[in-house]
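Tertiary structure, described
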Protein chains: 2
Amino acid sequence: MLASIKDIEKGYFEYVKKIMDFEEAISLMAWDLRTGAPKKGAEQRSEVIGTLSGEVFQMSTSEEMKYYIDALTDPGVQNELSEKTRKSVAYSKREYDKNVKIPEREYKEYVILQAKTESLWEEAKEKADFNMLKPYLEKIVDFKRRFIEYWGCESQPYDKLLDLYEPGVTVSMIDKVFGELREQIVPLVQEIAGSRDRPETSFLFKRFSKEKQRAFSLHILREMGYDFDAGRLDETGHPFAISLNPGDVRVTNHYDENDFRTAVFGTIHEGGHALYEQHISKELIGTPLCSGTSMGIHESQSLFFENFVGRHHAFWEKHYDSLKQYADGQFDHVSLEDFYRAINISGPSLIRLEADELTYPLHIIVRYEIEKALFNDGLEVSELPEVWNGKYEEYLGLRPANDREGVLQDIHWSGGDFGYFPSYALGYLYAAQFKHSMLKDIPRFNELLKEGNIKPIREWLTTNIHQFGRMQKPIEILKDATGEELNAKYLVDYLSKKYRSVYELA
Amino acid sequence: MLASIKDIEKGYFEYVKKIMDFEEAISLMAWDLRTGAPKKGAEQRSEVIGTLSGEVFQMSTSEEMKYYIDALTDPGVQNELSEKTRKSVAYSKREYDKNVKIPEREYKEYVILQAKTESLWEEAKEKADFNMLKPYLEKIVDFKRRFIEYWGCESQPYDKLLDLYEPGVTVSMIDKVFGELREQIVPLVQEIAGSRDRPETSFLFKRFSKEKQRAFSLHILREMGYDFDAGRLDETGHPFAISLNPGDVRVTNHYDENDFRTAVFGTIHEGGHALYEQHISKELIGTPLCSGTSMGIHESQSLFFENFVGRHHAFWEKHYDSLKQYADGQFDHVSLEDFYRAINISGPSLIRLEADELTYPLHIIVRYEIEKALFNDGLEVSELPEVWNGKYEEYLGLRPANDREGVLQDIHWSGGDFGYFPSYALGYLYAAQFKHSMLKDIPRFNELLKEGNIKPIREWLTTNIHQFGRMQKPIEILKDATGEELNAKYLVDYLSKKYRSVYELA
């Protein structure tokens, strides 16, 4: 007797629920390792993560999974399936195809190389010695070029890598928006660099105790609408947000007692990620759709809160007094205006992680152009430092003195994460476009921030973005929420208007 | 081609390593749920635990496991196998036999009944209404009686239940030692109850802030030799210790700001459990032998530290000054002698969890005798309250006014945990016997406590007990460490000498 399509659908959902359960266990172990696991247990814990990850990989590429995918993508049964089923199966198929096409032996070699290169990167960066890393990075790039062929290369090989992080986004789309962004921002950055009107910032760097920063961070998360019955805040070296399930989305923070901005803007940023995951529809729990839809859309939510809310004048009209209360007097003689200008200071720099919101996209554009050249135009790994330095000089007016402050500064390439960087700037573009669209529905945006009433803003994001999880692709979400394709104009307008005002330029 | 025995052995260890990895993930999730997981994620987290537990059950009873067990218990190959392999396989076989003999359908019914009964117990206890619980408890007992038959009943059915928690220990062994204990302690308790020389205790119940109790708890754990690079201390409603692997053994604590004893003796108790798990030989990691060998031996380690160290006069000669420093003045005018007598006050009571070290064994003996009667002598569930109250009156001189302070006080029976209670008193007997034996090797025991030098004591326990994990059965450990069978004399001598001295009896 043949199984009915309803039975197959049921079997499929039980099967993916099991995979999702395994992934939740893996995520909790990762969270634990980063927040407070004792170091002597870490090696064995990593093996547990390896064991469970291996199971997930096997289930995702098993004969059983193939059976479900084949049966549930059959054109004859599509009208019997719900949208949730179709989209979930499409996602499973995408993962299946991606993983099953790479020969297992090669994939294992690659994973070992990846771990090796990441750990070497740390030493190479420390020593500012690119040559030390070069042979490994070359192998990583070779693997990636081969993987692209396995996946089925079309005209633009780099599109395959972009698609891993931002499904549906292509080189031709990014070229257009990043090009406009670069053309507009480079002269603005230069103009500001020439301005004599530098904000005073010394008061930012006074001692602000960790305990009080933590108390203020908790306060701000509450103000944002982060649900502490569905999450918690811990301390780590690098801040992050992690979703175990929509009822358990955790954030972490890092405290610098001589620069409160690390914790405050880190909290708001990770809080933005967490709000996304806390508000995904509960109906998607247990399916692969129960997650943010892409790196870029995720980043749009964190950057929306960090920049469009957290660096907004109106936000501090509400919260500056309370910041003063938590702090140890460092702002007592600083006006709101001076504070606002100080937290929005901008200037070219060499290190991406220390960049301000205006110059940040240029750091990403440098990396995007290099990645594209590597995979589309045959750029060689050995040429990376020279190309890197040239682009920094051209776009930011600064040339790295060595590779530590140049091409070696980020871990991403050593881990094989090519195609990832563009999401950071895409997220920023999305966020500006969402903001523009939100203003039509919520013209009182500034007043709401002044009143400390973030709820309607958060609800707009939930209605238009959060709830869908992976039910909508990034570009679909953008189009449904804003009525148009990706458009660099909104970010350019925002940056130009804001920084002309902060620096009182014409 | 037939697989060589070496290949089978290798396959077996890979297979059990996978099971142990799953169990580590499950334990971490359980720890997380109890320490700080946000409540809205708990339901889905329980499903993840269910999924992984189901996998462990399947692997432990699979055809593959049967293949390994059959091949590796073949008499013809025993001399080719290491001791570790033989003992590990013996443990796997024990678990396999236990699980595979119960029909799956019945086991599932039982698990559901268990959860239902445990949650009903809470309400029944609250209302002091035994009849509410009775029909469920009857079904639980029926299941257990049937399971004993599936496992293969010999002359004493209750032996099968004891064996679940304390392998190798039987009714005839326990009857002997519990009998002696009861005979000696009952008159001693009566004598003390009649003494006019009651210690003054009011100073124990002054406010001692949670933060300072936590700081003192950390201090004491460090003094005990608990390795914070292989563990951590958190706060929970009920304290516990949990081993994820020997490099990650966590303890928790509960703080009562009006009774510091909860946290201090709780810390020392759980610290004793943790020291055991931290010092199991690293060579056993990844095998089922990498765990404390039984409930009783585990309890011997926690009780050794709680009573033989933590309630010892010499221990407080060292630590009383530092306790005074952490506290908010509550001990400033209390002499060490008065403090020592107060923390060793004894008197009959109705609630096991509030009992002191002298009367505690009597609470256990009541439960043991009742369990034995249920499974060996046909006692009915409906008779439990009457039998319970009669025994309390006989042994402790107190009759519960209702079932909340009587037969309903513990959750164990509602969860089907018959055979578990005796381990508490067995652990105490083991601990006293270990202490007696340790004194031959470490005659300066008291001086070491006075000096705050616990290391030689902890090392003696590691050498004789901790390192073996499940490589040795409880009774083997006892015999190897003390040179004799279980003997109640040592605990009787200890209690009699100590309490005659505390109460200045003849």
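Every value quoted in this text rests on a predicted model; they were computed, and no experiment measured them.

1. Points about the overall build of chain A
Scanning chain A from N- to C-terminus turns up 20 helices and three strands. In terms of overall size, chain A behaves like a compact globule, its C-alpha atoms giving a radius of gyration of 23 Å where 506 residues would be expected to give roughly 23 Å. Considering only C-alpha atoms, chain A reaches an extent of 80 × 50 × 50 Å along its principal axes. Residues counted as buried form 57% of the 506 residues belonging to chain A. Sequence-distant contacts in chain A: of pairs separated by 6 or more residues, those separated by 24 or more amount to 73%.

2. Brief notes about the side chain of Ser 195 of chain A
Mapped onto the fold, Ser 195 of chain A is located in the loop between α8 (171–193) and α9 (210–224). The class for Ser 195 of chain A is buried, based on a relative accessible area of 12%.

3. Focus: the packing of helix α10 (residues 261–278) of chain A against helix α11 (residues 295–309) of chain A
Residue and element names in this part refer to chain A. Remark: α10 packs on α11, axes separated minimally by 7 Å, with the N-to-C direction vectors making an angle of 135°. What the angle tells us is that α10 and α11 run oblique. Considering how the two elements wind past one another, α10 and α11 form a crossing that is right-handed. Between α10 and α11, the residues in contact are Phe 265, Ile 268, His 269, Gly 272, His 273, Leu 275, Tyr 276 and Glu 277 and Ile 297, His 298, Glu 299, Gln 301, Ser 302, Leu 303, Phe 305 and Glu 306, respectively. The residue makeup of the contact of α10 with α11, split by class, is seven nonpolar, six polar and three charged.

4. Here's the deal with helix α15 (residues 384–396) of chain A
Residue and element names in this part refer to chain A. Helix length check: α15, at 13 residues, gives a terminal C-alpha distance of 17 Å against a target of 18 Å (1.5 Å per residue), a fit within 8%. Buried within α15 we find Leu 384, Pro 385, Trp 388, Asn 389, Lys 391, Tyr 392, Tyr 395 and Leu 396. The buried residues of α15 occupy one face: seen down the axis, they fall within an arc of 165°. In α15, the exposed residues that point more than 90 degrees away from the buried face are Glu 386 and Glu 394. Residues of α15 that are buried in the fold lie against α6 (130–151), α8 and α14 (360–376).

5. Comments concerning the sheet that holds strand β1 (residues 233–235) of chain B
Residues and elements named next belong to chain B. With respect to topology, three strands assemble into an open sheet ordered β1-β3-β2, the strand pairing being mixed. Across the chains shown, the open sheet's two edge strands, defined by having one partner strand only, are β1 and β2 (241–245). Pairs of neighbouring strands in the sheet enclose a mean axial angle of 25°, with direction left out of account. By the bridge criterion, four bridges tie β2 to strand β3 (residues 248–253) in an arrangement that is antiparallel. In the strand pairing of β3, Asn 245 is matched with Asp 248. Where helix α10 (residues 261–278) meets the sheet, it contacts β2 and β3, and its direction lies at approximately 165° from that of β3.

6. Let's talk about the domain arrangement of chain A
Often the size quoted for an interface is simply the accessible area lost on bringing the parts together. Residue and element names in this part refer to chain A. When cut into domains, chain A gives domain 1 (1–100) and domain 2 (202–342 + 423–484). Between domain 1 and domain 2, a total of about 1700 Å² is buried, with carbon and sulfur atoms accounting for 67% of that surface. At the surface where domain 1 touches domain 2, the tally comes to zero salt bridges. At the junction of domain 1 and domain 2, the tally comes to four residue pairs in polar contact (both at pLDDT 80 or more). Elements with a minimum of two residues in the side of domain 1 that touches domain 2: α1 (5–35) and α4 (83–100).

7. Section: the pattern of salt bridges
Tallied over the full model, the rule gives 86 salt bridges over all chains. Between Arg 94 of chain A and Asp 163 of chain A there is a salt bridge, with the nearest N and O atoms lying 2.9 Å from each other. Pair noted here: Arg 94 of chain A is in helix α4 and Asp 163 of chain A is in helix α7 (residues 157–165), with a separation of 69 residues, a long-range link. One salt bridge connects Lys 10 of chain B with Glu 14 of chain B, and the closest N-O pair in it is separated by 3.4 Å. Taken as a pair, Lys 10 of chain B and Glu 14 of chain B lie in helix α1 (residues 5–35) at a separation of four residues, close to a single helical turn.

8. What to know about the interface of chain A and chain B
Taken together, the contact pairs 35 residues of chain A with 35 residues of chain B. Both sides together, the interface formed by chain A and chain B hides about 2900 Å², and carbon and sulfur atoms give 54% of it. Along the contact surface separating chain A from chain B lie 14 salt bridges. A salt bridge links Lys 40 of chain A to Asp 227 of chain B; the shortest N-O distance between them is 2.5 Å. At the surface where chain A touches chain B, the tally comes to 30 residue pairs in polar contact (both at pLDDT 80 or more). Of all elements in the fold, only α1, α2 (42–60), β2 (241–245) and β3 (248–253) of chain A reach the threshold of two or more residues within the side of chain A that touches chain B. At 10 residues, α1 of chain A tops the list of elements feeding residues into the side of chain A that touches chain B.

9. So, the pairing of β3 of chain A
Residue and element names in this part refer to chain A. Buried residues dominate β3, accounting for six of its six residues. In terms of strand pairing, strand β1 (residues 233–235) meets β3 through three bridges, oriented parallel. Counted as the bridge partner of Asp 234 is Thr 252 from β3. Counted between consecutive antiparallel strands, the loop separating β2 from β3 contains two residues.

10. Concerning the sheet that holds β1 of chain A
Residues and elements named next belong to chain A. Spatially, β1-β3-β2 is the arrangement adopted by the three strands of the open sheet, whose pairing is mixed. Every other strand in the sheet has two partners, leaving β1 and β2 as the edge strands with one partner each. Averaged over all adjacent pairs, the angle separating strand axes in this sheet is 25°, with direction ignored.

11. Brief notes about the relation of the copies chain A and chain B
When chain A is brought onto chain B, the operation consists of a screw motion whose angular component is 179° and whose axial shift is 0.0 Å, with 0.1 Å RMSD remaining. Considering both components of the superposition, the chain copies are consistent with a two-fold axis. Across chain A, the rotation axis passes nearest the C-alpha of Ala 25 of chain A, at a separation of 3.3 Å. Same-surface contact between copies: 100% of interface residues of chain A are shared with the interface of chain B.

12. A short note on the packing of α1 of chain B against helix α4 (residues 83–100) of chain B
Residues and elements named next belong to chain B. For the pair α1 and α4, interaxial distance at closest approach is 12 Å and the crossing angle is 55°. Of the possible angle classes, the one that applies to α1 and α4 is oblique. α1 and α4 meet at a crossing whose hand is left-handed. Seen from α1, the contacting residues are Glu 9, Tyr 12, Phe 13 and Val 16; seen from α4, they are Lys 84, Thr 85, Ser 88, Val 89 and Ser 92.

13. Looking at the packing of aromatic side chains
Using the criterion set out here, one finds 79 aromatic pairs over all chains in the structure. Ring geometry for Phe 304 of chain A against Phe 308 of chain A: centres 5.9 Å apart, planes inclined by 20°, an arrangement best described as stacked. Remark: Phe 308 of chain A and Phe 304 of chain A occur in helix α11; sequence separation between them is four residues, near one turn of the helix. As far as burial versus exposure is concerned, Phe 304 of chain A and Phe 308 of chain A are alike and both buried. Between the aromatic rings of Tyr 158 of chain B and Tyr 368 of chain B, the centroid separation amounts to 5.9 Å while the plane-to-plane angle is 45°, which identifies the pairing as tilted. Of the two residues, Tyr 158 of chain B is situated in helix α7 (residues 157–165) and Tyr 368 of chain B in helix α14 (residues 360–376); the sequence distance between them amounts to 210 residues. When the ring centre of Phe 143 of chain B is taken as origin, the NZ or CZ atom of Arg 146 of chain B, which lies over that ring, is 4.9 Å away.

14. Here we look at unusual backbone geometry
With a phi angle near 45°, Glu 504 of chain A is a residue other than glycine that sits in the positive phi range. Tracing the chain through its elements places Glu 504 of chain A in the segment after α20 (489–502).

15. Notes on the side chain of Glu 277 of chain B
Residue and element names in this part refer to chain B. As for its placement among the helices and strands, Glu 277 is situated in helix α10. The buried charged residue Glu 277 lacks any salt bridge partner; its closest oppositely charged side chain belongs to Arg 470, at an N-O distance of 7.4 Å. Side chain to side chain, Glu 277 and His 298 meet in a polar contact 2.6 Å long.

16. Quick notes on the environment of Thr 236 of chain B
Residue and element names in this part refer to chain B. Mapped onto the secondary structure, Thr 236 falls in the loop between β1 and β2. A residue is classified by how much of its surface remains accessible, and Thr 236, at 7% relative accessible area, is buried. Between the C-alpha atoms of Thr 236 and Tyr 255, which are 19 residues apart in sequence, the distance is 8.6 Å. With residues up to four places along the chain from it excluded, the contact list for Thr 236 reads Arg 34, Thr 35, Thr 252, Asn 253 and His 254. Separated by 2.7 Å, the side chains of Thr 236 and Thr 252 make a polar contact.

17. Some thoughts on the environment of Phe 203 of chain A
Residues and elements named next belong to chain A. Here Phe 203 shows up in the loop between α8 and α9. Classification of Phe 203 as buried rests on a relative accessible area of 8%. Residues in contact with Phe 203, not counting those within four places in the same chain, are Gln 330, Phe 331, Val 334, Asp 338, Phe 339 and Ala 342.

Conventions adopted
Numbering of residues starts from 1 in every chain and runs along the sequence as written. For this description, chains carry letters from A and ligands carry numbers from 1, given in the order in which they are written. The predicted nature of this model means local features are confined to residues of pLDDT at least 70 and side-chain atom pairs, given and counted, to a pLDDT of 80 or more, with totals for whole chains, interfaces and linings taken over all residues. Water and hydrogen atoms play no part in the side-chain values, which are based on all heavy atoms of the structure. The helix and strand labels rest on DSSP assignments: H or I over at least four residues marks a helix, E over at least two residues marks a strand, and numbering proceeds from the N terminus. The globule rule used here is 2.2 Å times the number of residues to the 0.38 power, and the radius of gyration it is set against is calculated over C-alpha atoms. For the exposure calls, accessible area comes from a 1.4 Å probe over protein chains only, and a residue counts as buried if that area is under 20% of its type's maximum, exposed if over 50%, partly exposed in between. For this analysis, residues touch if any pair of their heavy atoms sits within 4.5 Å. Axes here refer to lines fitted to C-alpha atoms; in helices the fit is confined to the stretch in contact. Angles between the N-to-C directions go from 0 to 180 degrees. Oblique is the label for any angle not under 35 degrees, not over 145, and not in the 65 to 115 range, which are roughly parallel, roughly antiparallel and roughly perpendicular in turn. Take the far helix as your reference; a near helix turned counterclockwise from it by less than a right angle gives a left-handed crossing, and one turned clockwise gives a right-handed crossing. All residues other than Ala, Val, Leu, Ile, Met, Phe, Trp, Tyr, Cys, Pro, Asp, Glu, Lys and Arg, Gly among them, are scored as polar; the first ten of these are nonpolar and the last four charged. For a helix, the expected span equals 1.5 Å multiplied by the residue count minus one. Relevant arc is that of directions from the helix axis to the C-beta atoms, nothing else. Paired strands, in this sense, are two strands between which DSSP finds at least two bridges. Residue ranges assigned to each domain were obtained from an automatic or database domain assignment. Once two parts are put together, the accessible area they lose, assessed with a 1.4 Å probe and summed over both, is termed the buried area. What counts as a salt bridge is simple: a side-chain nitrogen of Lys or Arg found within 4 Å of a carboxyl oxygen of Asp or Glu. N or O atoms within 3.5 Å of each other form a polar contact, as long as, within protein, one can give a hydrogen and the other can take it, and as long as residues adjacent in sequence are counted only when both atoms are side-chain atoms. Superposition of the copies used a least-squares fit over C-alpha atoms from residues whose pLDDT is at least 70 in both. Centres within 6.5 Å make a pair out of two Phe, Tyr or Trp rings, where for Trp the six-membered ring is used; the pair is then stacked when the planes are under 30 degrees apart, edge-to-face when over 60, and tilted otherwise. Placement of a charge over a ring requires the Lys NZ or Arg CZ to be within 6 Å of the ring centre, with the centre-to-atom vector within 35 degrees of the ring normal. For the purpose of charge, His is not counted, nor are the chain termini; Lys and Arg are scored as positive and Asp and Glu as negative.

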